[in-house]
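Remarks on the overall topology
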Amino acid sequence: MDFDLNDEQRLFRDVLRDFVDREIRPVASEWEAAGRYPTEIVETMRDMGLFGLTVPEEYGGLGADMVSFALTFEEIAKGWMGVAGILGSHSLSCWLIAKHGTDEQKSKYLPDLASGNRRTGIALTEPDAGTDLQGIATVAHRDGDFYVLNGRKTWITNARHADPLPVLCKTDPTATPAHRGMSVILVEAGTPGFTVERDLPKLGYHGTESCEVLLEDVRVPVSQLLGGVEGRGMQQVLSGLETGRINVAARALGIAQAAYDEALRYAGQRKAFGKPIGDFQAVQLKIAEMAAQVQAARLLVYWAASRSDGGHRVDMEAGMAKAFASEAAVFCALNSMQVHGGYGYSKEFVVERLYRDAPLMMIGEGTNDIQRVVIARALLSGAAAIG
């Protein structure tokens, strides 16, 4: 049993920390408030090869282990969670193509996705279907050598930059159960009928766009069907969401750590009644509980990532990590705000942004209630066990 990172992972983490301290922290609050897209930060991430995290080395990617994958999102989210989101959806889509794509699809897309010359995302959610993906209404009818897509997708990260955008749709709307008729089709940017309609207004998660996408008679070659076989879309997406939940759990861990760091620093600097507020037991209790929550979340996140590296299915582990870490993020953000008092409510202090970013982690990649259902089913079926 080893709770330490290996030398390569520590070096990778240190490089990430230096990048975040140098290029993200100094501008995050200002750019977030201005609604500015972090173009320069994205360019540096391209130069660092981070867009190739989940792309195999044979296609020019990093082929990173899952612990290093988690470290990436933890460290970047500590600086600015929105930037981590740009990389998150891209990495999930790259993983899907690498895992399930045909040889032609891998050769066509993965080298450019690894370099960042292309970017991508994932189009699952619809206005009337989020958690219940089998309830989507987007359809793709076969017309000779093409599919014709019609539907609407929402909350799509990287929508304006995605090329291609994997779209979950129904190639057989009459299938029972519905998942047997669901497929993923890779829609390239600029395809007629594919329109990014609007940016959704959000409480937090600024820095990256979250858009509503309209597909009206979008004609896509049959060769763009992920994996080349209809009816496998739901299984493909669910396998990818294991990776996605480790990503979200790691981002939540980054928020929780940043909130704790801010509270600890402020408790040592702020004075009341002639001494630092950290000398008061009420503040000490908050600091101690935050520290325990952060460390427990870290162990769950790294455990899930390590299990994935070992070749195991990690539905339960990723669900536990995502549910616990996201709730730790909300807890730490709120308690850090309370430690800061009135200043915690001010946009001049970073904790205000952390407080707005944290709740999304409880929703993204499946709500925490869904994670608990996934965990319980794995335990009750005997597919996983604890103790």
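Source: prediction; values computed, not measured. (Residues numbered from 1 in each chain as written. Predicted model: local features only at pLDDT ≥ 70, side-chain atom pairs only at ≥ 80, totals over all residues. Heavy atoms only, no water.)

Looking at where Met-234 falls in the secondary structure, it is placed in helix H6 (residues 233-269). Under the relative-accessibility criterion, Met-234 is labelled buried at 10%. (Helix = DSSP H or I, 4+ residues; strand = E, 2+ residues; numbered from the N terminus. Buried < 20%, exposed > 50% of the residue type's maximum accessible area, 1.4 Å probe, protein only.)

Moving on, we get to the pattern of salt bridges. Any two side chains of opposite charge can pair if their charged atoms end up close together. Tallied over the full model, the rule gives 27 salt bridges. Between Arg-118 and Asp-112 there is a salt bridge; the shortest N-O distance is 3.7 Å. Owing to a relative accessible area of 30%, Asp-112 belongs among the partly exposed residues under this scheme. Note that Arg-313 is salt-bridged to Asp-315, the shortest N-O span being 2.7 Å. Several salt bridges share partner residues, and in doing so they unite Glu-32, Lys-347, Glu-352 and Arg-356 into one network. (Salt bridge = Lys/Arg side-chain N within 4 Å of Asp/Glu carboxyl O.)

On to the UniProt feature "domain: Acyl-CoA oxidase/dehydrogenase middle" (unreviewed entry) in the protein, then. Residues annotated in UniProt with the feature "domain: Acyl-CoA oxidase/dehydrogenase middle" (unreviewed entry) correspond here to residues 122-218. Taken end to end, residues 122-218 is 0% helix and 45% strand, and its first and last C-alpha atoms sit 17 Å apart. (UniProt positions renumbered as here; feature names shortened; annotations may be inferred.)

The next subject is the layout of surface pockets. One way to see where empty space is left: roll a probe the size of a water molecule over the atoms. There is about 390 Å³ of room inside the second largest pocket. Per element, the largest residue contribution to the lining of the second largest pocket is five residues, and it comes from helix H7 (residues 281-309). Split into classes, the residues belonging to the lining of the second largest pocket amount to seven nonpolar, three polar and three charged. (1 Å grid on protein atoms, 1.4 Å probe; cavity = no way out; pocket = protein on both sides within 12 Å on 5 of 7 lines; lining within 4 Å. Points joined across faces, edges and corners; volume = space filled by probe spheres on them. Nonpolar A, V, L, I, M, F, W, Y, C, P; charged D, E, K, R; others polar.)

Moving on, we get to the packing of aromatic side chains. If you walk through the whole model with that rule in mind, you get four aromatic pairs. Between Phe-69 and Phe-73, the aromatic rings sit 4.9 Å apart at their centres with planes inclined by 65 degrees, giving edge-to-face as the arrangement. Of this pair, Phe-69 and Phe-73 both sit in helix H3 (residues 66-79), four residues apart, roughly one helical turn. A relative accessible area of 1% places Phe-69 in the buried class. In this structure, Arg-36 is placed above the aromatic ring of Trp-31, and the distance from its NZ or CZ to the ring centre is 3.8 Å. Above the face of the Phe-146 ring, Arg-219 is positioned so that its terminal group lies 4.7 Å from the ring centre. (Phe/Tyr/Trp six-rings, centres within 6.5 Å; stacked < 30°, edge-to-face > 60°. Lys NZ or Arg CZ within 6 Å of the ring centre and 35° of its normal.)

Per the UniProt record, the feature "domain: Acyl-CoA dehydrogenase/oxidase N-terminal" (unreviewed entry) sits at residues 6-116. Taken end to end, residues 6-116 comprises 76% helix and 0% strand; its first and last C-alpha atoms sit 27 Å apart.

Before going further, it helps to spend a moment on the side chain of Ser-68. Following the sequence through the fold, Ser-68 ends up in helix H3. Ser-68 gets classed as buried once you look at its relative accessible area, which sits at 6%. Separated by 2.8 Å, the side chains of Ser-68 and Asp-65 make a polar contact. Setting aside residues up to four positions removed in sequence, Ser-68 forms contacts with Gln-9 and Phe-12. (Polar contact = N/O pair within 3.5 Å; in protein donor to acceptor, adjacent residues only side chain to side chain. Contact = heavy atoms within 4.5 Å.)

Together, Met-1, Phe-3 and Leu-299 make up a nonpolar patch on the protein surface, roughly 430 Å² of accessible area in all. Turning to its location among the elements, Leu-299 is positioned in helix H7. Assessed through its relative accessible area of 40%, Leu-299 is described here as partly exposed. (Patch = residues over 30% accessible without salt bridge, like charges linked within 9 Å, V, L, I, M, F, W, Y side chains within 5 Å. Areas by Shrake-Rupley, 256 points an atom, 1.4 Å probe, with all protein chains shown as cover.)

Our focus in this paragraph is H7. Between its first and last C-alpha, H7 extends 42 Å over 29 residues, near the 42 Å set by a 1.5 Å rise per residue. Burial in H7 covers these residues: Val-283, Ile-287, Met-290, Gln-293, Val-294, Ala-297, Arg-298, Val-301, Tyr-302, Ala-304 and Ala-305. Its buried side turned inward, H7 meets H3, H6 and helix H8 (315-340). Backbone geometry just downstream of H7 places Gly-311 in the positive-phi region, at approximately 85 degrees. (Expected span 1.5 Å × (residues − 1).)

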